[in-house]
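Descriptive structure summary
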Amino acid sequence: RPRVLSGIQPTAGSFHLGNYLGAVRQWVALQESHDAFYMVVDLHAITVPQDPRELRANTRLAAAQLLAAGLDPERCTLFVQSHVPEHAQLAWVMNCLTGFGEASRMTQFKDKSAKQGADRASVGLFTYPILQVADILLYQAHQVPVGEDQRQHIELTRDLAERFNGRFGETFTVPEPYILKETAKIYDLQDPTIKMSKSASTPKGLINLLDEPKATAKKIKSAVTDTDTVIRFDPETKPGVSNLLTIYSTLTGTSIAELEEKYAGKGYGALKTDLAEVMVEFVTPFRERTQQYLGDPETLDSILAEGAEKARTVAAETLARAYDKVGFLPAK
Ligand code: AQP
(Lines give C-alpha, C1' and ligand atoms only; values in the text may rest on other atoms or scores of the structure.)
Protein backbone atom coordinates (compact mmCIF):
# COMPACT_ATOMS: atom_id res chain seq x y z
CA ARG A 1 0.00 0.00 0.00
CA PRO A 2 1.34 3.45 -0.85
CA ARG A 3 1.80 5.69 2.13
CA VAL A 4 0.21 9.07 2.89
CA LEU A 5 0.95 11.55 5.63
CA SER A 6 -0.66 14.81 6.64
CA GLY A 7 -1.17 17.04 9.66
CA ILE A 8 -3.44 19.69 11.07
CA GLN A 9 -2.71 22.42 13.60
CA PRO A 10 -4.47 22.45 16.94
CA THR A 11 -4.48 26.24 17.09
CA ALA A 12 -8.00 27.43 16.46
CA GLY A 13 -10.12 24.99 18.45
CA SER A 14 -12.76 24.16 15.88
CA PHE A 15 -11.77 23.00 12.40
CA HIS A 16 -13.21 25.21 9.69
CA LEU A 17 -14.95 24.09 6.53
CA GLY A 18 -11.79 24.74 4.46
CA ASN A 19 -9.76 22.37 6.66
CA TYR A 20 -12.42 19.71 6.33
CA LEU A 21 -13.19 19.91 2.61
CA GLY A 22 -9.62 20.74 1.56
CA ALA A 23 -7.85 18.11 3.66
CA VAL A 24 -9.55 16.03 6.36
CA ARG A 25 -12.21 14.61 4.05
CA GLN A 26 -9.48 13.20 1.80
CA TRP A 27 -7.69 11.76 4.82
CA VAL A 28 -10.78 9.76 5.69
CA ALA A 29 -11.07 8.40 2.15
CA LEU A 30 -7.36 7.58 1.83
CA GLN A 31 -7.23 5.44 4.97
CA GLU A 32 -9.10 2.79 2.95
CA SER A 33 -6.53 2.54 0.17
CA HIS A 34 -3.29 3.75 1.74
CA ASP A 35 -1.03 3.19 4.69
CA ALA A 36 -2.07 6.44 6.32
CA PHE A 37 -0.34 8.55 8.99
CA TYR A 38 -2.17 11.60 10.31
CA MET A 39 -1.08 13.88 13.08
CA VAL A 40 -2.04 16.86 15.17
CA VAL A 41 0.92 19.18 14.63
CA ASP A 42 1.44 20.80 18.01
CA LEU A 43 5.08 21.65 17.27
CA HIS A 44 3.81 23.81 14.41
CA ALA A 45 1.24 25.42 16.72
CA ILE A 46 3.90 27.08 18.90
CA THR A 47 5.38 29.03 15.98
CA VAL A 48 2.96 31.75 17.09
CA PRO A 49 2.44 32.59 20.78
CA GLN A 50 0.23 30.08 22.57
CA ASP A 51 -1.48 29.59 25.90
CA PRO A 52 -0.21 26.25 27.29
CA ARG A 53 -3.55 25.20 28.74
CA GLU A 54 -5.39 26.05 25.55
CA LEU A 55 -2.84 24.21 23.45
CA ARG A 56 -3.29 21.05 25.52
CA ALA A 57 -7.09 21.27 25.29
CA ASN A 58 -7.01 22.07 21.58
CA THR A 59 -4.70 19.15 20.85
CA ARG A 60 -7.27 16.74 22.32
CA LEU A 61 -10.04 18.65 20.58
CA ALA A 62 -8.29 18.33 17.21
CA ALA A 63 -7.88 14.57 17.72
CA ALA A 64 -11.55 14.27 18.73
CA GLN A 65 -12.60 16.13 15.57
CA LEU A 66 -10.46 13.89 13.37
CA LEU A 67 -12.14 10.83 14.86
CA ALA A 68 -15.55 12.48 14.51
CA ALA A 69 -14.79 13.18 10.85
CA GLY A 70 -14.26 9.47 10.30
CA LEU A 71 -10.62 8.59 10.96
CA ASP A 72 -10.49 5.08 12.34
CA PRO A 73 -7.49 4.13 14.51
CA GLU A 74 -7.85 0.58 13.15
CA ARG A 75 -7.32 1.86 9.62
CA CYS A 76 -4.80 4.67 10.08
CA THR A 77 -2.13 5.86 12.48
CA LEU A 78 -3.32 8.93 14.38
CA PHE A 79 -0.86 10.67 16.66
CA VAL A 80 0.40 13.92 18.15
CA GLN A 81 3.56 15.31 16.58
CA SER A 82 5.40 16.13 19.83
CA HIS A 83 4.99 12.50 20.96
CA VAL A 84 7.44 11.54 18.24
CA PRO A 85 10.69 13.39 18.96
CA GLU A 86 12.19 12.35 15.61
CA HIS A 87 10.29 15.21 13.92
CA ALA A 88 12.37 17.86 15.65
CA GLN A 89 15.53 15.79 15.21
CA LEU A 90 15.20 15.36 11.45
CA ALA A 91 14.09 18.99 11.12
CA TRP A 92 17.51 20.10 12.37
CA VAL A 93 19.27 18.11 9.65
CA MET A 94 16.89 19.55 7.05
CA ASN A 95 17.46 23.08 8.38
CA CYS A 96 21.14 22.63 7.63
CA LEU A 97 20.37 21.59 4.07
CA THR A 98 18.05 24.52 3.28
CA GLY A 99 19.31 27.78 1.85
CA PHE A 100 18.36 30.92 3.74
CA GLY A 101 17.12 32.50 0.51
CA GLU A 102 15.18 29.37 -0.33
CA ALA A 103 13.35 29.47 3.00
CA SER A 104 12.78 33.22 2.58
CA ARG A 105 10.78 32.59 -0.58
CA MET A 106 8.01 30.71 1.24
CA THR A 107 4.92 32.83 0.65
CA GLN A 108 3.07 31.60 3.74
CA PHE A 109 5.89 32.91 5.95
CA LYS A 110 5.87 36.21 4.10
CA ASP A 111 2.11 36.59 4.63
CA LYS A 112 2.08 35.50 8.24
CA SER A 113 5.16 37.47 9.31
CA ALA A 114 3.83 40.59 7.55
CA LYS A 115 0.65 40.26 9.63
CA GLN A 116 2.55 39.90 12.90
CA GLY A 117 5.19 42.50 12.13
CA ALA A 118 8.57 41.23 10.90
CA ASP A 119 10.28 41.78 14.27
CA ARG A 120 7.67 39.82 16.18
CA ALA A 121 7.68 36.75 13.95
CA SER A 122 9.65 33.87 15.49
CA VAL A 123 12.50 31.97 13.86
CA GLY A 124 10.22 28.94 14.35
CA LEU A 125 7.65 30.50 12.03
CA PHE A 126 10.44 31.01 9.49
CA THR A 127 11.59 27.37 9.68
CA TYR A 128 8.04 25.95 9.90
CA PRO A 129 8.13 24.63 6.30
CA ILE A 130 11.37 22.78 7.07
CA LEU A 131 9.79 21.03 10.05
CA GLN A 132 7.02 20.09 7.65
CA VAL A 133 9.64 18.63 5.30
CA ALA A 134 10.87 16.45 8.16
CA ASP A 135 7.29 15.45 9.04
CA ILE A 136 6.74 14.08 5.56
CA LEU A 137 10.14 12.51 4.86
CA LEU A 138 10.28 10.63 8.18
CA TYR A 139 7.39 8.44 7.00
CA GLN A 140 8.65 7.99 3.43
CA ALA A 141 5.24 9.27 2.33
CA HIS A 142 4.35 8.89 -1.34
CA GLN A 143 1.51 11.41 -1.20
CA VAL A 144 0.55 14.31 1.01
CA PRO A 145 -3.17 15.22 1.05
CA VAL A 146 -3.43 18.98 1.63
CA GLY A 147 -5.11 22.15 0.39
CA GLU A 148 -3.67 24.35 -2.35
CA ASP A 149 -2.02 26.69 0.19
CA GLN A 150 0.44 23.91 1.05
CA ARG A 151 1.66 23.23 -2.49
CA GLN A 152 4.80 25.33 -2.15
CA HIS A 153 5.79 23.49 1.03
CA ILE A 154 5.43 20.13 -0.71
CA GLU A 155 7.62 21.46 -3.53
CA LEU A 156 10.25 22.36 -0.92
CA THR A 157 9.94 18.85 0.52
CA ARG A 158 10.60 17.35 -2.90
CA ASP A 159 13.61 19.62 -3.46
CA LEU A 160 15.14 18.75 -0.09
CA ALA A 161 14.49 15.02 -0.47
CA GLU A 162 16.23 15.09 -3.85
CA ARG A 163 19.07 17.20 -2.49
CA PHE A 164 19.65 14.85 0.44
CA ASN A 165 19.44 11.77 -1.78
CA GLY A 166 21.82 13.34 -4.29
CA ARG A 167 24.38 14.30 -1.67
CA PHE A 168 24.25 11.31 0.66
CA GLY A 169 22.66 8.49 -1.36
CA GLU A 170 19.06 7.23 -1.72
CA THR A 171 17.36 7.77 1.63
CA PHE A 172 14.00 9.49 1.23
CA THR A 173 10.93 8.89 -0.90
CA VAL A 174 10.20 12.00 -2.97
CA PRO A 175 6.52 12.77 -2.20
CA GLU A 176 3.76 14.10 -4.45
CA PRO A 177 1.12 16.57 -3.34
CA TYR A 178 -2.39 15.09 -3.28
CA ILE A 179 -4.62 18.08 -3.94
CA LEU A 180 -8.15 17.60 -5.25
CA LYS A 181 -8.91 20.29 -7.82
CA GLU A 182 -12.54 20.76 -6.75
CA THR A 183 -11.82 21.45 -3.08
CA ALA A 184 -8.21 22.67 -3.22
CA LYS A 185 -9.31 26.08 -2.02
CA ILE A 186 -12.55 26.82 -0.21
CA TYR A 187 -13.24 30.54 -0.19
CA ASP A 188 -14.35 32.99 2.47
CA LEU A 189 -18.14 33.41 2.44
CA GLN A 190 -17.96 37.19 2.64
CA ASP A 191 -14.97 37.70 0.38
CA PRO A 192 -14.92 34.81 -2.12
CA THR A 193 -11.63 36.00 -3.60
CA ILE A 194 -9.64 34.98 -0.48
CA LYS A 195 -9.36 31.53 1.06
CA MET A 196 -11.42 30.67 4.09
CA SER A 197 -8.90 30.86 6.92
CA LYS A 198 -8.91 31.17 10.66
CA SER A 199 -6.58 34.15 10.59
CA ALA A 200 -7.73 36.13 7.54
CA SER A 201 -11.48 35.51 7.51
CA THR A 202 -14.01 37.58 9.43
CA PRO A 203 -16.37 35.53 11.65
CA LYS A 204 -19.15 35.84 9.04
CA GLY A 205 -16.88 34.56 6.30
CA LEU A 206 -15.66 31.53 8.24
CA ILE A 207 -17.60 28.35 9.00
CA ASN A 208 -16.32 26.67 12.13
CA LEU A 209 -17.64 23.12 12.26
CA LEU A 210 -18.22 23.26 16.01
CA ASP A 211 -20.29 26.46 15.95
CA GLU A 212 -24.02 26.39 16.72
CA PRO A 213 -25.68 24.86 13.63
CA LYS A 214 -28.14 27.77 13.58
CA ALA A 215 -25.31 30.30 13.36
CA THR A 216 -23.77 28.26 10.56
CA ALA A 217 -27.05 28.24 8.63
CA LYS A 218 -27.24 32.00 9.01
CA LYS A 219 -23.74 32.46 7.63
CA ILE A 220 -24.62 30.43 4.54
CA LYS A 221 -27.78 32.50 4.03
CA SER A 222 -25.85 35.74 4.19
CA ALA A 223 -22.97 34.57 1.98
CA VAL A 224 -21.91 37.10 -0.65
CA THR A 225 -22.98 36.19 -4.17
CA ASP A 226 -23.39 38.73 -6.99
CA THR A 227 -25.96 41.03 -8.55
CA ASP A 228 -26.84 38.48 -11.25
CA THR A 229 -29.38 35.76 -10.40
CA VAL A 230 -28.15 32.84 -12.50
CA ILE A 231 -26.84 29.80 -10.64
CA ARG A 232 -23.82 28.77 -12.69
CA PHE A 233 -20.37 27.44 -11.78
CA ASP A 234 -17.93 30.08 -12.97
CA PRO A 235 -15.19 30.84 -10.44
CA GLU A 236 -13.84 33.77 -12.51
CA THR A 237 -16.96 35.87 -12.75
CA LYS A 238 -19.14 34.26 -10.07
CA PRO A 239 -16.76 33.29 -7.25
CA GLY A 240 -19.35 33.45 -4.46
CA VAL A 241 -21.96 31.23 -6.14
CA SER A 242 -19.24 28.87 -7.39
CA ASN A 243 -17.89 28.46 -3.86
CA LEU A 244 -21.38 27.61 -2.57
CA LEU A 245 -21.84 25.09 -5.40
CA THR A 246 -18.50 23.45 -4.56
CA ILE A 247 -19.46 23.13 -0.90
CA TYR A 248 -22.92 21.81 -1.76
CA SER A 249 -21.64 19.35 -4.33
CA THR A 250 -18.90 17.94 -2.07
CA LEU A 251 -21.09 17.54 0.99
CA THR A 252 -23.91 15.80 -0.89
CA GLY A 253 -22.08 13.95 -3.66
CA THR A 254 -24.29 15.69 -6.26
CA SER A 255 -22.39 16.91 -9.32
CA ILE A 256 -22.16 20.61 -10.05
CA ALA A 257 -23.96 20.06 -13.37
CA GLU A 258 -26.88 18.42 -11.55
CA LEU A 259 -27.03 21.31 -9.11
CA GLU A 260 -27.01 23.85 -11.94
CA GLU A 261 -29.92 22.00 -13.46
CA LYS A 262 -31.79 21.65 -10.18
CA TYR A 263 -31.57 25.38 -9.51
CA ALA A 264 -32.13 26.60 -13.07
CA GLY A 265 -34.59 29.47 -12.93
CA LYS A 266 -34.55 29.58 -9.13
CA GLY A 267 -32.88 32.38 -7.19
CA TYR A 268 -29.88 32.40 -4.90
CA GLY A 269 -32.26 32.30 -1.95
CA ALA A 270 -33.39 28.75 -2.79
CA LEU A 271 -29.81 27.55 -3.19
CA LYS A 272 -28.74 29.09 0.11
CA THR A 273 -31.73 27.77 2.04
CA ASP A 274 -31.05 24.23 0.83
CA LEU A 275 -27.31 24.47 1.41
CA ALA A 276 -27.91 25.82 4.91
CA GLU A 277 -29.94 22.68 5.60
CA VAL A 278 -27.21 20.46 4.15
CA MET A 279 -24.66 22.16 6.40
CA VAL A 280 -26.83 21.73 9.50
CA GLU A 281 -27.26 18.04 8.70
CA PHE A 282 -23.52 17.71 8.37
CA VAL A 283 -22.35 19.67 11.42
CA THR A 284 -24.95 18.42 13.90
CA PRO A 285 -23.70 14.80 14.11
CA PHE A 286 -20.11 15.99 13.71
CA ARG A 287 -20.45 18.13 16.84
CA GLU A 288 -22.10 15.30 18.74
CA ARG A 289 -19.41 12.80 17.84
CA THR A 290 -16.68 15.27 18.77
CA GLN A 291 -18.29 15.78 22.18
CA GLN A 292 -18.49 12.02 22.68
CA TYR A 293 -14.78 11.55 22.04
CA LEU A 294 -13.93 14.53 24.24
CA GLY A 295 -16.09 13.10 27.02
CA ASP A 296 -13.78 10.10 27.28
CA PRO A 297 -10.27 11.55 27.46
CA GLU A 298 -8.77 8.25 28.61
CA THR A 299 -9.81 6.45 25.46
CA LEU A 300 -8.72 9.42 23.38
CA ASP A 301 -5.30 9.51 25.03
CA SER A 302 -4.80 5.79 24.61
CA ILE A 303 -5.65 6.03 20.88
CA LEU A 304 -3.02 8.76 20.60
CA ALA A 305 -0.48 6.78 22.63
CA GLU A 306 -0.90 3.75 20.38
CA GLY A 307 -0.64 5.95 17.31
CA ALA A 308 2.57 7.53 18.59
CA GLU A 309 4.10 4.14 19.20
CA LYS A 310 3.33 2.98 15.66
CA ALA A 311 4.57 6.28 14.22
CA ARG A 312 7.80 6.14 16.22
CA THR A 313 8.73 2.74 14.85
CA VAL A 314 8.71 4.14 11.32
CA ALA A 315 10.17 7.54 12.23
CA ALA A 316 13.05 6.11 14.28
CA GLU A 317 14.13 3.85 11.44
CA THR A 318 14.21 6.69 8.92
CA LEU A 319 16.00 9.02 11.33
CA ALA A 320 18.67 6.41 12.08
CA ARG A 321 19.32 6.01 8.35
CA ALA A 322 19.49 9.76 7.80
CA TYR A 323 21.83 10.26 10.80
CA ASP A 324 24.09 7.55 9.49
CA LYS A 325 24.11 9.03 5.98
CA VAL A 326 25.14 12.50 7.17
CA GLY A 327 28.02 11.00 9.15
CA PHE A 328 26.89 11.04 12.77
CA LEU A 329 28.75 8.53 14.91
CA PRO A 330 26.28 5.89 16.12
CA ALA A 331 25.55 5.98 19.87
CA LYS A 332 26.70 2.73 21.47
N1 AQP B 1 -9.68 27.44 2.69
C2 AQP B 1 -9.12 26.24 2.54
N3 AQP B 1 -9.43 25.47 1.48
C4 AQP B 1 -8.86 24.24 1.32
N5 AQP B 1 -7.99 23.71 2.20
C6 AQP B 1 -7.64 24.45 3.29
N7 AQP B 1 -6.83 24.21 4.33
C8 AQP B 1 -6.85 25.29 5.16
N9 AQP B 1 -7.68 26.24 4.67
C10 AQP B 1 -8.18 25.75 3.51
C11 AQP B 1 -6.08 22.97 4.53
O12 AQP B 1 -6.34 22.48 5.84
C13 AQP B 1 -5.23 21.70 6.26
C14 AQP B 1 -4.86 22.06 7.68
O15 AQP B 1 -4.28 23.33 7.66
P16 AQP B 1 -3.60 24.03 8.88
O17 AQP B 1 -3.16 23.06 9.87
O18 AQP B 1 -2.65 25.04 8.33
O19 AQP B 1 -4.87 24.67 9.46
P20 AQP B 1 -5.14 26.12 9.77
O21 AQP B 1 -3.89 26.74 10.27
O22 AQP B 1 -6.36 26.10 10.61
O23 AQP B 1 -5.49 26.67 8.33
P24 AQP B 1 -5.75 28.17 8.01
O25 AQP B 1 -7.10 28.58 8.36
O26 AQP B 1 -5.34 28.32 6.58
O27 AQP B 1 -4.76 28.92 8.96
P28 AQP B 1 -4.11 30.30 8.75
O29 AQP B 1 -5.21 31.32 8.79
O30 AQP B 1 -3.19 30.40 9.93
O31 AQP B 1 -3.41 30.26 7.45
C32 AQP B 1 -4.10 21.97 5.27
O33 AQP B 1 -3.95 20.86 4.41
C34 AQP B 1 -4.59 23.17 4.50
O35 AQP B 1 -4.10 23.18 3.18
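Residues numbered from 1 in each chain as written. Predicted model: local features only at pLDDT ≥ 70, side-chain atom pairs only at ≥ 80, totals over all residues. Heavy atoms only, no water.

The name an unreviewed UniProt entry gives the chain is Tryptophan--tRNA ligase, with Streptomyces thermogriseus as the organism. In its Subunit (unreviewed entry) section, the UniProt record describing the chain reads: "Homodimer." The record held by UniProt for the chain lists under Catalytic activity (unreviewed entry) the comment "tRNA(Trp) + L-tryptophan + ATP = L-tryptophyl-tRNA(Trp) + AMP + diphosphate + H(+)". (UniProt positions renumbered as here; feature names shortened; annotations may be inferred.)

Following the sequence through the fold, Asp 188 ends up in the loop between strand E5 (176–178) and helix H9 (213–221). Taking the C-alpha atoms as reference points, Asp 188 and Lys 204, 16 residues apart in sequence, are found 8.6 Å from one another. Once residues lying within four places of it in the same chain are set aside, the contact partners of Asp 188 are Ile 194, Lys 195, Met 196, Ser 201, Thr 202, Gly 205 and Asn 243. Among the polar contacts made by the side chain of Asp 188, one reaches the side chain of Ser 201 at a distance of 2.8 Å. (Helix = DSSP H or I, 4+ residues; strand = E, 2+ residues; numbered from the N terminus. Contact = heavy atoms within 4.5 Å. Polar contact = N/O pair within 3.5 Å; in protein donor to acceptor, adjacent residues only side chain to side chain.)

Take a probe with the size of a water molecule and roll it over the atoms, and the empty space left behind shows itself. Across all of its chains, the model carries one cavity of 30 Å³ or more by this definition. For the largest cavity, the calculated volume is near 50 Å³. Along its surface, the largest cavity is lined by Gln 108, Phe 109, Lys 112, Leu 125, Tyr 128, Pro 129 and His 153. Put simply, the parts of the chain that give the lining of the largest cavity at least two residues each are helix H6 (107–116) and helix H7 (123–138). A breakdown of the residues in the lining of the largest cavity according to their chemical character gives four nonpolar, two polar and one charged. (1 Å grid on protein atoms, 1.4 Å probe; cavity = no way out; pocket = protein on both sides within 12 Å on 5 of 7 lines; lining within 4 Å. Points joined across faces, edges and corners; volume = space filled by probe spheres on them. Nonpolar A, V, L, I, M, F, W, Y, C, P; charged D, E, K, R; others polar.)

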